[in-house]
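# Overview (structure and organization)
One letter stands for each residue in the lines below.
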Amino acid sequence: MEKCALVTGSSSGLGLDISKFLLDCGYIVFGGSRSGTDLEHENFYDVELDITSEDSVEEFIETIREFTPHLHLIINNAGICEMGPISDVTLEQFEVHLATNTVGPFLLFRHIESFLIKNETHIISILSTAAHYGYPNVSAYNASKFGQLGLLESLKKEWKDYKIRFTNLFPGAIDTPLWDKMGSKFSRDKMLKTTEFMSVFGFIVTAPDTIQFPELTFLHKEGFLE
Ligand SMILES: NC(=O)c1ccc[n+]([C@@H]2O[C@H](COP(=O)([O-])OP(=O)(O)OC[C@H]3O[C@@H](n4cnc5c(N)ncnc54)[C@H](OP(=O)(O)O)[C@@H]3O)[C@@H](O)[C@H]2O)c1
C-alpha cells in the first residue's frame, strides 16, 4: 500500500516544508489550504481547503477519498496568530482564531475517522508552547491552542482502540511567514529556523513506529519570547 499523508496549511511555512519533506520520503501528499502553492510534484495534490467551513472540509475529504481510503499520516498544522492587547482584539478576531485553530481541527477529525488504519496511522499536531503557557497579547491564539489541546486529549482516549499514534508538538517561535503578518517586536534571531523545526519533525516521522512521542516541547535555546 502506498503511504498517504494529509497536511493542512500546506501553502506556507511549516506545512509547505512538511509537505516537501514527506514527498522526499516517498509519501503521496494531500495538502489543504485556501491559497494553494506552486509546489509541483507528481505525488502532491494541492486541494482547496478552508478549515473553518464544514462544507469545505467535507469537500477536501471527499477529494482525498477519490484517491485513497487510508491515511498513514495526518498533519494537523493549519493555524493563524495575531497579536494585540485584549482591549484591541475584536470579537470577530477572537472568533476567527477559535474557528481556525480549534473548530478547524474538530471539523477535520469529525470527518476523517474512516481513513484511520488500525495500529498504523500517526496523527501529528503542530500546537505551540502557547497551548501550555500563557503569553501576553495573544489571548485569542492562547485560548484557541489550549482548546485544540483539549480536543486532542479527548480524541486520544476516544480512539484508543485504533491503537494509533498521536504526537502533539509544542514548538516555540519559528521564523516563518506567520510573523510577517504580525509586525511584532521580537527578534527573528531568537526563533527556531524552519530547518531546525524540520530536523525535529523528520526525526519523529522516521523513527521506528514502535516508538510514540505523545508530547514534545522544543524551542530556541534563548528561551521563550516575552
Ligand atoms: N511560526 C511560529 O512561530 C509557530 C510556533 C508554534 C506553532 N506554530 C503553528 O504552526 C502552524 C503553522 O504555522 P506557520 O508558522 O507555518 O504559519 P504560516 O506560514 O502563516 O502558515 C499557516 C498555514 O495555515 C493555513 N491556514 C490558515 N488559515 C486557514 C484556513 N482557514 N483554512 C485552511 N488553511 C488555513 C495557511 O494557508 P492559507 O492562508 O493559504 O489558507 C498556511 O498554509 C500553525 O498552527 C501555528 O500556530 C507556529
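The structure contained in this document is the topic of the report that follows. All of these numbers come straight from a predicted model, not from anything done at the bench.

Summing up its helical and strand segments, the protein has five helices and seven strands in all. For the protein, the sequential pattern of α-helices and β-strands runs β-α-β-β-α-β-α-β-α-β-α-β. Over its C-alpha trace the protein gives a radius of gyration of 17 Å, about what one expects of a compact globule, namely 17 Å for 226 residues. Seen through its principal axes, the protein has C-alpha atoms that stretch 50 × 40 × 35 Å.

Over its 12 residues, helix α1 (residues 13–24) runs 17 Å from end to end, which matches the ideal 16 Å to within 8%, given 1.5 Å per residue. Looking only at α1, the buried set comprises G13, L14, G15, L16, I18, S19, L22 and L23. Looking at the buried residues of α1, the elements they touch are β1 (4–8), β2 (28–33), β3 (44–48), β4 (73–76), β5 (122–126) and α5 (194–206). Count one or two residues on from α1 and you reach G26, which has phi positive near 100°.

Time to look at the layout of surface pockets. Of the volumes computed, that of the second largest pocket is approximately 230 Å³. Taken together, 13 residues line the second largest pocket, and the ones lying closest to its centre are K3, Y27, R165, V205 and D209. Considering only residue class, the lining of the second largest pocket consists of five nonpolar, four polar and four charged.

Taken together, 32 residues sit near the ligand, with S12, S35, N77, Y141 and T176 positioned nearest. At 2.6 Å, a side-chain N or O of S12 approaches an oxygen atom of the ligand. At 2.7 Å, a side-chain N or O of R34 approaches an oxygen atom of the ligand. Protein contacts shield 96% of the accessible area of the ligand, which totals 870 Å² for the unbound molecule. At the level of secondary structure, the elements contributing two or more residues to the shell around the ligand comprise α1 and α4 (139–158). Looking at side-chain class alone, the shell around the ligand contains 14 nonpolar, 14 polar and four charged residues.

Under the defined criterion, the tally for this structure stands at eight salt bridges. Between E54 and R110 there is a salt bridge whose closest N-O contact spans 2.9 Å. Pair noted here: E54 is in helix α2 (residues 54–65) and R110 is in helix α3 (residues 91–112), with a separation of 56 residues, a long-range link. With a relative accessible area of 28%, E54 lands in the partly exposed category.

Okay, the nonpolar core next. Core analysis: the largest hydrophobic core is formed by 29 residues, its most contacted members being L71, I74, L108, F109, I112 and W159. Elements that contribute at least two residues to this core include exactly β1, β2, α2, α3, α4 and β6 (165–171). The residues touching I74, leaving out its near neighbours within four places in the chain, are L6, L108, F109, I112, L116, T121, H122, I123 and I124. Counting residues in each nonpolar core, the second largest holds 25 residues, with I124, L169, I174 and F201 among its members.

Turning next to the sheet that holds β1. The strand order β3-β2-β1-β4-β5-β6-β7 describes an open sheet built from seven strands, whose pairing is parallel. Both edges of this open sheet fall to β3 and β7 (215–218), since each of them pairs with a single strand only. Recorded for the sheet is a direction-independent mean angle of 15° between the axes of neighbouring strands. Here five bridges tie β2 to β3, and the two strands are oriented parallel to one another. Within β3, the position partnered with S33 by the bridge is E48. Against the sheet, α4 contacts β4, β5, β6 and β7, and its axis sits at roughly 160° relative to β6.

What counts, and where the lines are drawn
Residues numbered from 1 in each chain as written. Predicted model: local features only at pLDDT ≥ 70, side-chain atom pairs only at ≥ 80, totals over all residues. Heavy atoms only, no water. Helix = DSSP H or I, 4+ residues; strand = E, 2+ residues; numbered from the N terminus. Rg over C-alpha atoms; globule rule 2.2 N^0.38 Å. Expected span 1.5 Å × (residues − 1). Buried < 20%, exposed > 50% of the residue type's maximum accessible area, 1.4 Å probe, protein only. Contact = heavy atoms within 4.5 Å. 1 Å grid on protein atoms, 1.4 Å probe; cavity = no way out; pocket = protein on both sides within 12 Å on 5 of 7 lines; lining within 4 Å. Points joined across faces, edges and corners; volume = space filled by probe spheres on them. Nonpolar A, V, L, I, M, F, W, Y, C, P; charged D, E, K, R; others polar. Near = heavy atom within 4 Å. Polar contact = N/O pair within 3.5 Å; in protein donor to acceptor, adjacent residues only side chain to side chain. Areas by Shrake-Rupley, 256 points an atom, 1.4 Å probe, with all protein chains shown as cover. Salt bridge = Lys/Arg side-chain N within 4 Å of Asp/Glu carboxyl O. Core = buried A, V, L, I, M, F, W, Y, C linked by side-chain atoms within 4.5 Å. Pairing = 2+ DSSP bridges. Axes fitted to C-alpha atoms, helices over the stretch in contact; angles between N-to-C directions.

Any functional reading would require information beyond the geometric quantities listed.
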